[in-house]
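Structural description and commentary
As a plain string of letters, each chain reads:
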Amino acid sequence: MDPLHVLSQVEYMLAAPRPELLPRFSATAAAVLPHRAAAMETGDCSRLPIKVHGDPAITGAVTSAELQRLAALGVPGKAVVAEETLGGKRRKLVVLTSAPVIGKGAMIALVPTEDAPSGSALDFVAKLWDIVSVNAAQRATDPEPAVLESNIAAATARARAITDLGQTHATTLTSLLAVLRSRKLGDAAARQTATDLAATALVELRSIADRDQELSAEPASEAFDTLATQLAPLVRHDDVTVDLAGPDDERPLPQDIAHTARTVSRGLVLAALERGAGRVRASWRIDGQHLRVTVRDDGPDVARAVPAGGLTERITPLGGRWEVDAVPDWGATITAVLPLGVQETPELRPLDRLNPRELEVLAGIARGKRNRQIADELALTEHTVKFHVRKILGKLEVTSRGEAAVLARELRLESVS
């Protein structure tokens, strides 16, 4: 394969807006490893941790439980070939996982069209996935304020829906167990089999809820350890002392809070060094329902000890606030107070109502493409595209493709996580 072509394809993927990352990776990987579908699970996007692309007969039936099992099979940096269930059926799959220094990494499962993909093809897609996932994790670490606010709204709504669904299913299955265990029923063997099935379903339901928690939150101590890794070069610097004090707390932090806390910590530490500080202390502390991110320094220029506007934009969507204590000749202490819970769910933007496939179709509409062109681009039938277009118009509350295209451009479709 031409090295320049490979580099151009890598550049094409690294420049992809979040909704196009999986389609672009799939298209590039297909050149060496043809496949029917791709399903991705990422720990760095609380709004849409599961994304799919390809044959709708497969992607339309993919579940989080399936991807959870596949993720356990993965070996970071390698392509694992396995016979497992995806989209409700046993298939030969190629599982790719990553473990970047920053972020939680991601897993992608490909459904190959060939029975035995070559070793060189597997090595290529594994390395390609490593590059793409590292870049995606880095971008997720510092989301734009508008995307951050959208993530919070969608993640909160999603969490409530999962809670309601879980309680409903748990009640139903618990009632089923009570009936099946009744001594008034006969056929003990049938009753035992049904009991086992229901108990298994309960365990599965709970594991899905636990997995969702893992994808949308991370323990406070682990989140701070990631910050320590990012600040390691400063800690080793000969001319300045940087002390780090973690929260020593295993309570989960919402992922957007953790990302923002790291961004704020890095920004405040760098600002302190620019003011001439010789000693800096960065600490996190969970105080009730708030995370307190504090950076203290001994810099003499306390008049400049004001949080940068960019950092204020980070904490505002979260309902955060600043506490500043600057004393001449003593240094400055700046604290960002971040609420751990969203008191009022921000209103979802119109584009947040669309699923990943609908976003792809809308992107085609915004580029002026007709249904047949969109169908060819996304490997769908024209009838399927027409169905998605109707759903898009309804969800966006517009009456024409032109209005949908204008709305997509106004709301910056490429910024959707």
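Note that the structure is a prediction, hence the values are computed from the model and not measured.

1. Description of the overall build of the chain
Summing up its helical and strand segments, the chain has 15 helices and 12 strands in all. Considering the chain as a whole, with its 417 residues, one finds that 47% of them fall into the buried category. A sequence separation of at least 24 residues applies to 65% of the contacts in the chain between residues at least 6 apart. If you sum the accessible surface of the chain, you get close to 20300 Å²; carbon and sulfur atoms cover 54% of it.

2. A closer look at the packing of helix α13 (residues 371–378) against helix α14 (residues 382–396)
Geometrically, a packed helix pair is captured by the angle between its two axes and the distance between the axes. Put simply, α13 and α14 touch, their axes get as near as 8 Å, and they point 110° apart. It follows from the interaxial angle that α13 and α14 lie roughly perpendicular. For the pair α13 and α14, the contacting residues are Asn371, Arg372, Ile374 and Ala375 in the first and Glu382, Val385, Lys386 and Val389 in the second. Residue classes in the contact of α13 with α14 are distributed as four nonpolar, one polar and three charged.

3. Quick look at the side chain of arginine 262
In this structure, arginine 262 sits in helix α10 (residues 255–274). According to the relative accessible area criterion, arginine 262 is buried, its value standing at 2%. Here the side chain of arginine 262 touches alanine 223 through a polar contact of 3.1 Å, landing on its backbone oxygen. Leaving out residues up to four positions away in the same chain, arginine 262 has contacts with Glu218, Ala223, Thr226, Leu227, Gln230 and Trp284.

4. Topic: a negative patch on the surface
Among the surface-exposed residues, Glu222, Asp225, Asp248 and Glu250 lie close enough to one another that they form a single negatively charged patch. Following the sequence through the fold, glutamate 250 ends up in the loop between β7 (241–245) and β8 (252–254).

5. Quick look at the sheet that holds strand β9 (residues 279–287)
Strand pairing in a sheet is mediated by backbone hydrogen bonds. Such pairs are either parallel or antiparallel. Across the sheet, which stays open at both edges, the five strands sit in the order β7-β9-β10-β12-β11 with mixed pairing between neighbours. Of all the strands in the sheet, just β7 and β11 (321–327) have a single pairing partner and so form its edges. Each strand axis lies, on average, 10° off the axis of its neighbour in the sheet, ignoring direction. Each of β7 and β9 is contacted by helix α8 (residues 220–230), which is oriented at about 165° to β9, the strand it contacts most. Across the sheet, α10 is in contact with β9, β10 (290–297), β11 and β12 (331–339); its angle to β10 comes to roughly 15°.

6. What to know about unusual backbone geometry
The phi torsion at alanine 379 lies on the positive side, around 60°, for a residue other than glycine. Residue position: alanine 379 is located in the loop between α13 and α14. The residue glutamate 397 is not glycine, and still its phi comes out positive at about 60°. Inspection of the secondary structure puts glutamate 397 in the loop between α14 and α15 (401–410).

7. A word on the sheet that holds strand β2 (residues 50–54)
Within the open sheet, the five strands sit side by side as β2-β1-β5-β4-β3. Their pairing is antiparallel. The open sheet has two edge strands with one neighbour each: β2 and β3 (79–86). In this sheet, adjacent strand axes meet at a mean angle of 25° when their direction is disregarded. Where β3 meets strand β4 (residues 89–97), eight bridges bridge the pair, whose relative direction is antiparallel. Within the sheet, the bridge partner assigned to alanine 82 lies in β4 and is leucine 93. Along the sheet, helix α2 (residues 21–29) makes contact with β1 (35–42), β2, β4 and β5 (106–112), crossing β2 at roughly 45°.

8. So, the confidence of the model for the chain
In this model, the chain carries an average pLDDT of 77, and 71% of its residues clear a pLDDT of 70 or more. Predicted confidence in the chain is weakest over helix α6 (residues 145–180), with a mean pLDDT of 53, and strongest over β10, with 93.

9. Looking at the pattern of salt bridges
One pass over the structure, following the stated rule, counts 15 salt bridges. In this structure, arginine 367 engages glutamate 20 in a salt bridge whose closest nitrogen and oxygen atoms are separated by 3.9 Å. Taken together, the residues span a long stretch of sequence, with arginine 367 in the loop between α12 (356–366) and α13 and glutamate 20 in the loop between α1 (3–14) and α2 at a distance of 347 residues. With a shortest N-O distance of 2.7 Å, arginine 279 and aspartate 243 are connected by a salt bridge. With arginine 279 in strand β9 and aspartate 243 in strand β7, this residue pair connects regions lying 36 residues apart in the sequence. The partly exposed category is assigned to arginine 279, whose relative accessible area is 45%. A single salt-bridge network, built from bridges that share partners, covers Glu20, Arg24, Arg367, Lys369 and Glu377.

10. Comments concerning the environment of glycine 77
Mapping glycine 77 onto the fold places it in the loop between α4 (64–73) and β3. C-alpha separation for the pair glycine 77 and aspartate 130, spaced 53 residues apart in sequence, amounts to 6.4 Å. Contacts of glycine 77, omitting those with residues within four sequence positions, involve Thr97, Ala126 and Asp130.

11. Details of the nonpolar core
Within the largest apolar cluster, 30 residues are counted, with the highest numbers of intra-cluster contacts made by Leu253, Trp284, Leu291, Val293 and Leu338. Ranked by residue count, the leading element in this core is α10, at seven residues. Setting aside anything within four residues of it in sequence, one finds valine 293 in contact with Ala261, Val264, Ser265, Ser283, Trp284, Ile334, Thr335, Ala336 and Leu338.

12. Details of the packing of aromatic side chains
Under the criterion given, the structure shown has two aromatic pairs. Residues phenylalanine 25 and tryptophan 129 carry aromatic rings whose centres are separated by 5.0 Å and whose planes lie at 65° to one another, so their mutual orientation is edge-to-face. A residue pair is termed long-range when its members are at least 10 positions apart, and phenylalanine 25 in helix α2 and tryptophan 129 in helix α5 (residues 119–141) qualify at 104 residues. Each of the two residues, phenylalanine 25 as well as tryptophan 129, counts as buried. Ring geometry for phenylalanine 224 against tryptophan 284: centres 5.1 Å apart, planes inclined by 80°, an arrangement best described as edge-to-face. Taken together, the residues phenylalanine 224 in helix α8 and tryptophan 284 in strand β9 connect sequence positions 60 residues apart. Take tryptophan 284: its relative accessible area is 3%, and that puts it in the buried class.

Parameters at a glance
- Residues numbered from 1 in each chain as written.
- Predicted model: local features only at pLDDT ≥ 70, side-chain atom pairs only at ≥ 80, totals over all residues.
- Heavy atoms only, no water.
- Helix = DSSP H or I, 4+ residues; strand = E, 2+ residues; numbered from the N terminus.
- Buried < 20%, exposed > 50% of the residue type's maximum accessible area, 1.4 Å probe, protein only.
- Contact = heavy atoms within 4.5 Å.
- Areas by Shrake-Rupley, 256 points an atom, 1.4 Å probe, with all protein chains shown as cover.
- Axes fitted to C-alpha atoms, helices over the stretch in contact; angles between N-to-C directions.
- Parallel < 35°, antiparallel > 145°, perpendicular 65-115°, else oblique.
- Nonpolar A, V, L, I, M, F, W, Y, C, P; charged D, E, K, R; others polar.
- Polar contact = N/O pair within 3.5 Å; in protein donor to acceptor, adjacent residues only side chain to side chain.
- Patch = residues over 30% accessible without salt bridge, like charges linked within 9 Å, V, L, I, M, F, W, Y side chains within 5 Å.
- Salt bridge = Lys/Arg side-chain N within 4 Å of Asp/Glu carboxyl O.
- Lys, Arg positive; Asp, Glu negative; His and termini not counted.
- Charge placed at Lys NZ, Arg CZ, Asp CG, Glu CD.
- Pairing = 2+ DSSP bridges.
- pLDDT = per-residue confidence, 0-100.
- Core = buried A, V, L, I, M, F, W, Y, C linked by side-chain atoms within 4.5 Å.
- Phe/Tyr/Trp six-rings, centres within 6.5 Å; stacked < 30°, edge-to-face > 60°.

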